[in-house]
Amino acid sequence: MRFDPGLLESLHEGMFQTPLWDDFLRRLRASTGSAMTLLAIRPKGQSDVAELVAGDGPAGAARRLLVGGQMREGRGYALEELIEHAAAADHEALADARIRALRAVRVTEPSGVDGWLACAGGSALGSSAGALILALAPHLRIALRSFAALERERFRSAVTGEAFNRLNIGWLTLDTQGRIVEASENAGLMFQWGSLLRRGRYDRLVPADPAVDRQLVGYLKQVAAGRSVRPLAINLSRDPWLDMLVAPLQGDTISGHRSASVIVYVSGDRRSQADRCEQLVDMFGLLPSEARLAWLLAQATSIRDAAATLGLSEETARNYSKKIYAKTGASGHAELVRVIMTSVLALS
């Protein structure tokens, strides 16, 4: 059967629309002369059915008629074949809306997503509408397969993004000129933390430290030359803490108008050391001097180096550490790191 090219195009574009498949359902309604067109979708393993409608009519009753009608996959159905399964209230709703004809098909894509497509209207809805609905079935199956794959990737991306957010890790991709191609939302927020990293002219990633900027430029040149390079780790600041890891991008990308060559992971903590020490005072009842030492020890700093940083004698630092262990319940340095770094401070 020959289709209106716009109808098929709108079917495959529908998954990117809001509402979903709105243009397709409107075009299908016009093509069939029906009062209402309906696309119902039930994801694999779920009982809820998404209902997408164009036109006027008892969409809920029609959806229940389709989903509860035990329709076989790929076969066309008419109203009279399904109405016997309808509840009395739905039967009445269809009659009140003067729905005297309906043409429908059910499709199931390989991962198990079910879809029901139907048009409904008065008695003028003829066999040609049923033929069109049936001819659209294989195309709908392909569209639902693409939609299911897209939804799976959206879910995985959302889970990964949430994990990155909780770890205060953002990412962005750069081309060989150091221009930002794509960036995660939390990486964009990190630009607002201060001037350590910023988006410069022509979308170029610009570190505040000229030495770091030269490192990044040199790394990009090596990648552009096709050299094998290992990931480059750079500490941008210790207070507030901000690190970045630059690595060659594995695989090609077609997103954006420039080709990305490296991915940059940015990890940091917008809170200053003073902020963290105040939180340790509140959380564990430490004295300010003890909190300052506890925060340094939590960074896996040795007690000797921590004492030198704070201008304390090593003996004084050890006396402080005993009080810190007692107040936090930690049995030693390693457990203190775990107690502090896995506390609610990680969410702050």
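Quick caveat: nothing in here was measured; it's all calculated off a predicted structure. (Residues numbered from 1 in each chain as written. Predicted model: local features only at pLDDT ≥ 70, side-chain atom pairs only at ≥ 80, totals over all residues. Heavy atoms only, no water.)

Once that is clear, we can look at the sheet that holds strand 5 (residues 114-121). Here we have five strands laid out as an open sheet, ordered 2-1-5-4-3, and antiparallel in their pairing. Edge positions in the sheet fall to strand 2 (50-55) and strand 3 (76-78), since each has one partner strand and no second. When the angles between neighbouring strand axes are averaged without regard to direction, this sheet yields 15°. Sheet analysis places strand 1 (residues 36-42) next to strand 5, joined by seven bridges and oriented antiparallel. (Pairing = 2+ DSSP bridges. Helix = DSSP H or I, 4+ residues; strand = E, 2+ residues; numbered from the N terminus. Axes fitted to C-alpha atoms, helices over the stretch in contact; angles between N-to-C directions.)

What follows deals with the environment of leucine 136. Its place among the elements puts leucine 136 in helix 6 (residues 127-166). When its relative accessible area of 0% is taken as the criterion, leucine 136 is described as buried. Distance from leucine 136 to leucine 7, taken between C-alpha atoms, is 9.5 Å for residues 129 residues apart in sequence. (Buried < 20%, exposed > 50% of the residue type's maximum accessible area, 1.4 Å probe, protein only.)

Looking now at the side chain of arginine 106. Along the chain, arginine 106 falls in strand 4 (residues 101-108). Of the polar contacts made by the side chain of arginine 106, one reaches the backbone oxygen of methionine 71; its length is 2.9 Å. The residues contacting arginine 106, other than those within four sequence positions of it, are Arg42, Met71, Arg72, Glu73, Gly74, Arg75, Asp114, Gly115 and Trp116. (Polar contact = N/O pair within 3.5 Å; in protein donor to acceptor, adjacent residues only side chain to side chain. Contact = heavy atoms within 4.5 Å.)

Along the chain, arginine 214 falls in helix 8 (residues 210-224). In this structure, the C-alpha to C-alpha distance between arginine 214 and arginine 304, residues 90 residues apart in sequence, is 34 Å.

Time to look at the packing of aromatic side chains. Under the defined criterion, the tally for this structure stands at one aromatic pair. Centre to centre, the rings of tryptophan 21 and phenylalanine 147 are 5.2 Å apart; their planes meet at 70°, and the pair counts as edge-to-face. Note that tryptophan 21 is positioned in the loop between helix 1 (5-13) and helix 2 (22-32) and phenylalanine 147 in helix 6, a separation of 126 residues in sequence. Comparing tryptophan 21 with phenylalanine 147, the two get one shared label, buried. In this structure, arginine 75 packs its charged tip against the face of tyrosine 77, placed 4.3 Å from the ring centre. (Phe/Tyr/Trp six-rings, centres within 6.5 Å; stacked < 30°, edge-to-face > 60°. Lys NZ or Arg CZ within 6 Å of the ring centre and 35° of its normal.)

Right, let's get into unusual backbone geometry. For residues other than glycine, phi is negative in most cases, and the peptide bonds are mostly trans. The linkage connecting threonine 18 with the following residue, proline 19, adopts the cis geometry, with an omega of -5°. With phi around 55°, tryptophan 21 is a residue other than glycine that occupies positive phi space.

Relative to strand 11 (residues 241-248), strand 10 (residues 232-238) is paired through six bridges, and the arrangement is antiparallel. Following the sheet pairing, arginine 238 is matched in strand 11 by tryptophan 241. The sheet contact formed by strand 11 and strand 12 (residues 262-268) spans seven bridges and is antiparallel. Looking at strand 12, one finds that valine 246 is bridged to valine 264.

Turning our attention to the packing of helix 10 (residues 288-298) against helix 11 (residues 303-310). Packed helices, taken two at a time, are described by the angle between their axes plus the distance between the axes. Running from N to C, helix 10 and helix 11 point in directions that differ by 135°, and their axes come no closer than 10 Å. It follows that helix 10 is oblique to helix 11 by the angle criterion. Crossing of helix 10 against helix 11: the hand is right-handed. In this structure, helix 10 contributes Arg292, Leu293, Leu296 and Leu297 to the contact, and helix 11 contributes Ile303, Ala306, Thr309 and Leu310. Of the residues that constitute the contact of helix 10 with helix 11, the class distribution is six nonpolar, one polar and one charged. (Parallel < 35°, antiparallel > 145°, perpendicular 65-115°, else oblique. Left-handed = near helix turned anticlockwise from the far one by under 90°. Nonpolar A, V, L, I, M, F, W, Y, C, P; charged D, E, K, R; others polar.)

Attention now goes to the side chain of threonine 32. Relative to the helices and strands, threonine 32 resides in helix 2. On the basis of relative accessible area, threonine 32 is assigned to the buried category, the value being 14%. Among the polar contacts made by the side chain of threonine 32, one reaches the main-chain carbonyl oxygen of leucine 28 at a distance of 2.9 Å. Among the polar contacts made by the side chain of threonine 32, one reaches the main-chain carbonyl oxygen of arginine 29 at a distance of 3.4 Å.

Moving on, we come to helix 9 (residues 273-284). The end-to-end C-alpha distance of helix 9 is 16 Å, a good match for the 16 Å that twelve residues give at a rise of 1.5 Å each. Every buried residue belonging to helix 9 is among Arg276, Cys277, Gln279, Leu280 and Phe284, and all of these are buried. All buried residues of helix 9 fall inside an arc of 160° around its axis, so they share one side. Exposed residues on helix 9 whose side chains face more than 90 degrees from its buried face are Glu278 and Asp282. Two residues or fewer past helix 9, glycine 285 is found with a positive phi of approximately 70°. (Expected span 1.5 Å × (residues − 1). Arc of directions from axis to C-beta.)

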